[in-house]
Amino acid sequence: MEKKTIILTRKIQVYVDCDDKEQKDAYYKQLYEWQFLSFQAANLIFTHLYVQDRVKDLIYFTDDIKVKLADYKKEEDGILNSSRMNTTYRILSSRFLGKMPSNIFSNLNNTLHNVYNTERSAYWKGEKSLRNYKRSIPMPFGADKLKLENDEKGRDFKFKLFKIPFKTYLGKDRSDKKVLLQRTLAGTLKLRTSSLKIDKGKLYLLAAFEMERDEHQLTDSVIAEASLSIEHPIVVKVGKEQLQIGNKEEFLHRRLAIQAARHRLQRGSTFNRSGKGRRRKLRSLEDWDAKELRYVDNRLHLYSRRLIDMCIKTQAGTLLLVNQQHKEEVAKEEEFLLRNWSYYGLKEKIAYKAKKAGINVIEE
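Predicted model, so just to flag it, every value in this text is computed and none were measured.

**Regarding the overall build of the chain**
Along the backbone of the chain there are 10 helices and 14 strands. Looking at the chain residue by residue over its 364 residues, the buried ones come to 39%. Nonlocal contacts in the chain, meaning residues at least 24 apart in sequence, comprise 66% of its contacts between residues at least 6 apart. If you sum the accessible surface of the chain, you get close to 22400 Å²; carbon and sulfur atoms cover 49% of it.

Here it is in structure tokens:
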């Protein structure tokens, strides 16, 4: 039976809520240490899972060796002395127990098992390389470890995680983050396994919210055919109805104008006032990079929203992305398309909004 709930993940900036400088530094040092241990644990888990899978393919074993990845007490040919999930948990426990909260490496173990099982067939066929996790890996934790409360001014939220006090920084947030946190605090939304991440010296809470799907009157036999291209970001056809969403002048020309402005600044950056070396001279370029990313993200959200609204209006329960795989192969060979047309980002936003609305997406 299809689930009626979906998981929404939001990236929320937080900081350690402590006035004592020494204690605050100690908290940050502890978080950095836990993240480094999570990085080690993640790569360790994937290495062991892959080795366990490939043992039976080691042709230099004798023919009478029988291998089955199961508990030998339950399966005749089993080679493990516990369940497969428990093997990696025991390894992590022996190495990291007492150095980091067991809740972190337990949730990390569960998450990576699911990821590996999803991708294992691609590993076997040689279509995908084994994942290699970076030092900035998020630290997962159970939802029961985080207890939200309002701050004194009511604009942000406070919580404790493994005895470390945190406070959100929402700023001039125009998204739904504050609403989701308020609903979680009120008990109308559930928080699921989430993560804490340190990225470039800043702390982020990757909060996972479980919420009900939107209920719409949709028919699976009604198919909306959508074509993605750089000329018209989306052209959708449902029966006799057709709609062009966005155009080349709106999306591409504006993006190229931002790139041209950045290029002019780059040529003049040699004459910028120094003071802290390269970073100060290139600060204006970073601002324009961020401006381009914001513009593209905003446009893709708008285009995908209009597409899903069109599907809902026409009661289309199936969305077909026409000839999409061929277009992506062509884009990989053309540098201009690869740089300026965000196929992956648009597809990702379409898939997310379609899942929330209960629309099935098929890529042709």
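**Remarks on the pairing of strand 12 (residues 241-245)**
The pairing of strand 11 (residues 234-238) with strand 12 spans five bridges and is classified as antiparallel. Looking at strand 12, one finds that Lys237 is bridged to Gln242. The hairpin formed by strand 11 and strand 12 contains two residues between the paired strands, and Gly239 there has a positive phi angle of roughly 60 degrees.

**Digging into the packing of aromatic side chains**
If you walk through the whole model with that rule in mind, you get eight aromatic pairs. Geometrically, the ring pair formed by Phe46 and Tyr123 is edge-to-face, given 6.5 Å between the ring centres and 80 degrees between the ring planes. One end of the pair, Phe46, is in helix 1 (residues 21-54); the other, Tyr123, is in helix 3 (residues 102-125), and 77 residues separate them in sequence. Each member of the pair, Phe46 as well as Tyr123, carries the same accessibility label: buried. Measuring from ring centre to ring centre gives 5.5 Å for Phe46 and Tyr133, while their planes differ by 70 degrees; the resulting arrangement is edge-to-face. Taken together, the residues Phe46 in helix 1 and Tyr133 in the loop between helix 3 and strand 4 (139-141) connect sequence positions 87 residues apart. Take Phe46 and Tyr133: they sit in the same class, and that class is buried. Here the aromatic residues Phe46, Tyr116, Tyr123 and Tyr133 are joined through ring pairs into a cluster of three or more.

**Quick look at the sheet that holds strand 13 (residues 316-321)**
The five strands lie next to each other as 12-11-10-13-14, forming an open sheet whose pairing is mixed. Either end of the sheet is taken by a strand with one partner, and the two such strands are strand 12 and strand 14 (360-363). The sheet shows a mean angle of 25 degrees between the axes of neighbouring strands, taken without regard to direction.

**With respect to the pattern of salt bridges**
What the rule picks out here adds up to 10 salt bridges. The partner of Asp25 in a salt bridge is Lys21, and the shortest N-O contact between them spans 3.1 Å. Of this pair, Asp25 and Lys21 are both found in helix 1, four residues apart, which corresponds to roughly one turn of the helix. Using a relative accessible area of 61% as the deciding quantity, one classes Lys21 as exposed. The salt bridge involving Lys167 is made with Asp151; its shortest N-O contact spans 3.5 Å. Of this pair, Lys167 sits in strand 7 (residues 164-168) while Asp151 sits in the loop between strand 5 (147-150) and strand 6 (157-161), placing them 16 residues apart in sequence. The same class applies to Lys167 and to Asp151, which are both buried.

**Thoughts on the confidence of the model for the chain**
Here the chain averages 81 in pLDDT, and 85% of its residues register 70 or above. For the chain, per-element mean pLDDT is lowest for strand 2 (residues 68-71), which scores 47, and highest for strand 4, which scores 92. In the predicted structure, residues 59-63 sits below a pLDDT of 50 and forms one contact with residues beyond four places in sequence or in another chain. Note that pLDDT drops below 50 for residues 68-72; the model gives that stretch 21 contacts with residues more than four away or on any other chain.

The rules behind the values
Residues numbered from 1 in each chain as written. Predicted model: local features only at pLDDT ≥ 70, side-chain atom pairs only at ≥ 80, totals over all residues. Heavy atoms only, no water. Helix = DSSP H or I, 4+ residues; strand = E, 2+ residues; numbered from the N terminus. Buried < 20%, exposed > 50% of the residue type's maximum accessible area, 1.4 Å probe, protein only. Contact = heavy atoms within 4.5 Å. Areas by Shrake-Rupley, 256 points an atom, 1.4 Å probe, with all protein chains shown as cover. Pairing = 2+ DSSP bridges. Phe/Tyr/Trp six-rings, centres within 6.5 Å; stacked < 30°, edge-to-face > 60°. Axes fitted to C-alpha atoms, helices over the stretch in contact; angles between N-to-C directions. Salt bridge = Lys/Arg side-chain N within 4 Å of Asp/Glu carboxyl O. pLDDT = per-residue confidence, 0-100.

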